[in-house]
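Here is what each chain is made of, one letter per residue.
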There are 2 protein chains.
Amino acid sequence: MDKQDIANITEDLEYLAAEKNSGLILNILVGTHPADIAMLVRGLSEESARYVFSRIDADMASDVLVEFDDVTRDRLVSELRHERLSEIVDEMDSDDATDLVSDLPEEVAEKVLESIDTEDSKEVKELLQHEEDTAGGIMALEFVSVSENSSVDHAIREIRSKADEVEEVYNVYAVDNEGHLVGFLPLKKLILAKSRQKVNNVMVTDVISVQTDVDQEEVANIFRRYNLVSLPVVDDVGKLVGRITVDDIVDVMEEEASEDIQKMAGIADEEEIRETSVVKISIGRLPWLLVGFVGQLVAAFVLGLFEVSLKEIIALTLFIPLMMAMGGNAGIQAATIVVRGIALGELSPGETAARLSREVKVSLFNGSLCAVLLFGVAGMIYGPTFGSVLGLSMVAVVLNASFFGACIPFVLRRFKIDPAIATGPLITTFNDIVGLSIYLGLVTLMLRFMLK
Amino acid sequence: MDKQDIANITEDLEYLAAEKNSGLILNILVGTHPADIAMLVRGLSEESARYVFSRIDADMASDVLVEFDDVTRDRLVSELRHERLSEIVDEMDSDDATDLVSDLPEEVAEKVLESIDTEDSKEVKELLQHEEDTAGGIMALEFVSVSENSSVDHAIREIRSKADEVEEVYNVYAVDNEGHLVGFLPLKKLILAKSRQKVNNVMVTDVISVQTDVDQEEVANIFRRYNLVSLPVVDDVGKLVGRITVDDIVDVMEEEASEDIQKMAGIADEEEIRETSVVKISIGRLPWLLVGFVGQLVAAFVLGLFEVSLKEIIALTLFIPLMMAMGGNAGIQAATIVVRGIALGELSPGETAARLSREVKVSLFNGSLCAVLLFGVAGMIYGPTFGSVLGLSMVAVVLNASFFGACIPFVLRRFKIDPAIATGPLITTFNDIVGLSIYLGLVTLMLRFMLK
């Protein structure tokens, strides 16, 4: 569906929803991919969106619901009666059902869990035990597994019997008598095997799996490293308990990247692109603004200490923004590379020293280059003494900012804090204060010495 | 393999490489996943890495090579004789072979293309026609397709005959007599179908595909939106020409996220985490540092215009860092949300106005809150007149920064420039200059008026 299609159909739906013409609406939506329906509904006015969504049958509604962003989903769900909600949850895969139920108000969640199929309800309760951001929290209980001693033919029958329940099958997992994961059969191998062959004669035994408590970012790195489309999840004794598929991992990766990017920008809670509450957005952005606020009051205090110099030589004031900005930019560049390397699992703690020395060299290179430029510009106007003093300060400020920029992410990781916050206002504010102190301290010292 | 394993084995390999004990090295590596071998080799000294890599047979070497980051790969490849290189390329999938060949020096590339299998060489040359960042540039020519009129049994035979060539099969594509893509058969459906059934009776006809010239970021969004594991690529008349698999898309997503994050930090060329050349790193970071440098010279000029006010009231100088930082932070927050929304395809041009009004409201909310705080702090020290003037300036600075922060990404998209650069030094520098002008202009004006 291209943009023009979407615009046209959205317009039609808006009109038909106002007319309450559910027959025509369903005719338009039949055969449309759930992801496209989600996009169409999202483009409608709130009232029309609710009306159109209420006309879709529970099976389709469950597929559409998982395609919404959290904000749109919560808005639509909050208006549903719990009977309708239960019908929809009943049609969902266990992982999606768990996501939805965990976001419901407690009393609604209880009602839904009571009225859905008992088997489904048991599954959801089981999945709710796991932390949301772990392998257990994102896995589904829908997968196909067989005994390693069974035949290929049996494995095919097992796929058939679970065909409705498990929508996407990439591998059949093989377990021993106690349920421990011992291998897997990609469907391609299954198709090429003879039906009488035993599973443990054809299966792949080098099976990559994760335990339930592994963090989802690490799970994503495993998918990326080994080029996986699905990954079996085992408990602490190696029993097969669930499966994660790559489409969920794609969402995790998007989520983690957005989180990192938002942390860089100093947004505390993850801000949804579709969030409309001004108060919610504002409050999510406020904490780091306040950290910056307090930090810059400290910077004002630091400037106050150099009041005499500042009053004496107005040129010192003029270059404050330059010193702050160059320190800030160089610091963020160094921090960003380190933070990204850590997030992708490509920088081990052993590489800290090598990384720091590299950043120091880079900042000396670029700092010196800018210092020469500054010497040229400022020297022309204020004379070579002042120019060289400014240039030296520039090198010191850039060097300091880069060193801390590269250092702080490693330190944060050491204390199990997400290094991504290092690229945000925290490090900028810190660098501003230290940078201004270095700049004014050095300049005051040098000028006093030189002008004597 | 956990971290301890890797450390131990790396140590062993380092020792054995020094001893040139290739027998033991191969014994250690047998049965190890190519991705793990890549990680091990990367941890070795340059000489040992070359030795170990040279001992691996061409088939495994081709699998290992695609797992390296670009820097490590280029370093190892540059040392290989072109005969060995040709052996390795011969074992690669067409997309990986194309990637590798396109990065080789021209004369080496020509030699390799001459000495590999003519069929492979034709494929690589064909793929080299497409832009690197498009669907055609990332697709592979290895896929299984059958005529829509053939039987399920024939499809299975086709998978068998291509089993060696096409490592991962998720779907069999169905084409008409002219080769146009008309449907696909997921392997699960294929397994459950009867062998005599005709493909066009069991295939899925709602097939999602892309044309060769679609940008890879858009391809990634399609995978994400429709939860795909593979996507057929068609030419401009709808003929099936290639296939993209999700593992490549996972890499694309990682690449695009890293690119956006690095642009936010003002790094011009994509900087590899493993890059070791200080000069290369420095030059990649220099352009935006220089933009900041020139911009802040303009800021210095702006401050110079207010020299009289700054000399008269030293407190004005003390709050320069605060005004700059608050504008900078608020601007980056607004820009980041908009840039991310555009990158994920979730903000359409039609939503520009709504987005801007939201950002203005948010900045009024947070700006006012910070203004009240500033009024309190500065008012206590410098009296309520100065406090209220500072507070008003703060609102103006934050409002201005947020508005431009949210606006500029949309403007850049309009001119087909990647909006991600808006979150980097460009907007910060711009905001610094405008913010300082607003701050000092407003304060000077108001104080002159009030103190009369």
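Since this is a predicted model, take the numbers as computed values, not measurements.

1. Description of the sheet that holds strand β4 (residues 210–211) of chain B
Where strands meet in a sheet, backbone hydrogen bonds hold them as pairs that are either parallel or antiparallel.
Residues and elements named next belong to chain B.
Here's step 1: Read across the sheet, three strands follow the order β4-β5-β6 without closing on themselves; strand pairing throughout is mixed. One side of each edge strand has no neighbouring strand; the edge strands of this open sheet are β4 and β6 (240–245).
Here's step 2: Relative to strand β5 (residues 230–234), β4 runs parallel, the two sharing two bridges. Paired with Val210 across the two strands is Val233, which belongs to β5.
Here's step 3: Where helix α15 (residues 216–226) meets the sheet, it contacts β4, β5 and β6, and its direction lies at approximately 135° from that of β5.

2. Comments concerning the domain arrangement of chain A
Residue and element names in this part refer to chain A.
Here's step 1: As assigned here, chain A comprises domain 1 (3–133), domain 2 (145–251) and domain 3 (278–450).
Here's step 2: The centre of domain 1, based on its C-alpha atoms, is set 30 Å off from the matching centre of domain 2.
Here's step 3: Taken residue by residue, the interface counts five residues in domain 1 and six residues in domain 2.
Here's step 4: Buried surface at the junction of domain 1 and domain 2, both sides included, amounts to about 420 Å², of which 27% is carbon and sulfur.
Here's step 5: Together, Asp93, His130 and Asp133 form the three largest contributors to the area buried by domain 1 at its contact with domain 2, with a combined 71%.
Here's step 6: Linking domain 1 with domain 2 are zero salt bridges, by the criterion used here.
Here's step 7: At the junction of domain 1 with domain 2, the criterion picks out one residue pair in polar contact (both at pLDDT 80 or more).

3. Considering the relation of the copies chain A and chain B
Here's step 1: Take chain A, turn it by 180°, move it 0.0 Å along the axis, and it overlays chain B with an RMSD of 0.1 Å. Between the two chains, the operation in question is that of a two-fold axis.
Here's step 2: Most of the interface of chain A is mirrored in chain B, where 100% of its interface residues again form contacts.

4. Looking at the environment of Leu187 of chain B
Here's step 1: Assignment of secondary structure puts Leu187 of chain B in helix α13 (residues 187–192).
Here's step 2: When the C-alpha positions of Leu187 of chain B and Ile156 of chain B are compared, they lie 9.5 Å apart, and in sequence the two are 31 residues distant.
Here's step 3: Among residues more than four places away in sequence, those in contact with Leu187 of chain B are Leu187, Lys188 and Ile191 of chain A together with Ile159, Val169, Tyr170 and Val172 of chain B.

5. Regarding the sheet that holds strand β3 (residues 181–186) of chain B
Residues and elements named next belong to chain B.
Here's step 1: Spatially, three strands are ordered β1-β2-β3 in an open sheet, and the strand pairing comes out mixed. What marks the edges here is a single partner per strand, and that holds for β1 (145–147) and β3. The sheet shows a mean angle of 30° between the axes of neighbouring strands, taken without regard to direction.
Here's step 2: Taken together, the three bridges between β1 and strand β2 (residues 171–175) define a ladder with parallel strand orientation.

6. Brief notes about a nonpolar patch on the surface
Here's step 1: Side chains of Val279 and Ile283 of chain A together with Phe365, Leu369 and Leu373 of chain B sit close together on the surface and give an oily, nonpolar patch of about 380 Å² of accessible area.
Here's step 2: Elements represented by at least two residues in the nonpolar patch include exactly α17 (278–305) of chain A together with α21 (352–382) of chain B.
Here's step 3: The element best represented in the nonpolar patch is α21 of chain B, accounting for three residues.
Here's step 4: Secondary-structure assignment places Leu373 of chain B in helix α21.

7. Structural notes on the interface of chain A and chain B
Note: interface size is frequently given as the accessible area lost on complex formation between the parts.
Here's step 1: Tallying the contact residues gives 104 residues for chain A and 105 residues for chain B.
Here's step 2: Carbon and sulfur atoms make up 70% of the area that chain A and chain B hide from each other, which totals about 9800 Å².
Here's step 3: Between chain A and chain B we count six salt bridges in total.
Here's step 4: At the boundary of chain A with chain B, the tally comes to 23 residue pairs in polar contact (both at pLDDT 80 or more).
Here's step 5: Of all the elements, α17 of chain A adds the most residues to the side of chain A that touches chain B, at 16 residues.

Definitions and cut-offs
Residues numbered from 1 in each chain as written. Chains lettered and ligands numbered in written order. Predicted model: local features only at pLDDT ≥ 70, side-chain atom pairs only at ≥ 80, totals over all residues. Heavy atoms only, no water. Pairing = 2+ DSSP bridges. Helix = DSSP H or I, 4+ residues; strand = E, 2+ residues; numbered from the N terminus. Contact = heavy atoms within 4.5 Å. Axes fitted to C-alpha atoms, helices over the stretch in contact; angles between N-to-C directions. Domains from an automatic or database assignment. Buried area = accessible area lost by both parts, 1.4 Å probe. Salt bridge = Lys/Arg side-chain N within 4 Å of Asp/Glu carboxyl O. Polar contact = N/O pair within 3.5 Å; in protein donor to acceptor, adjacent residues only side chain to side chain. Least-squares fit on C-alpha atoms with pLDDT ≥ 70 in both. Patch = residues over 30% accessible without salt bridge, like charges linked within 9 Å, V, L, I, M, F, W, Y side chains within 5 Å. Areas by Shrake-Rupley, 256 points an atom, 1.4 Å probe, with all protein chains shown as cover.

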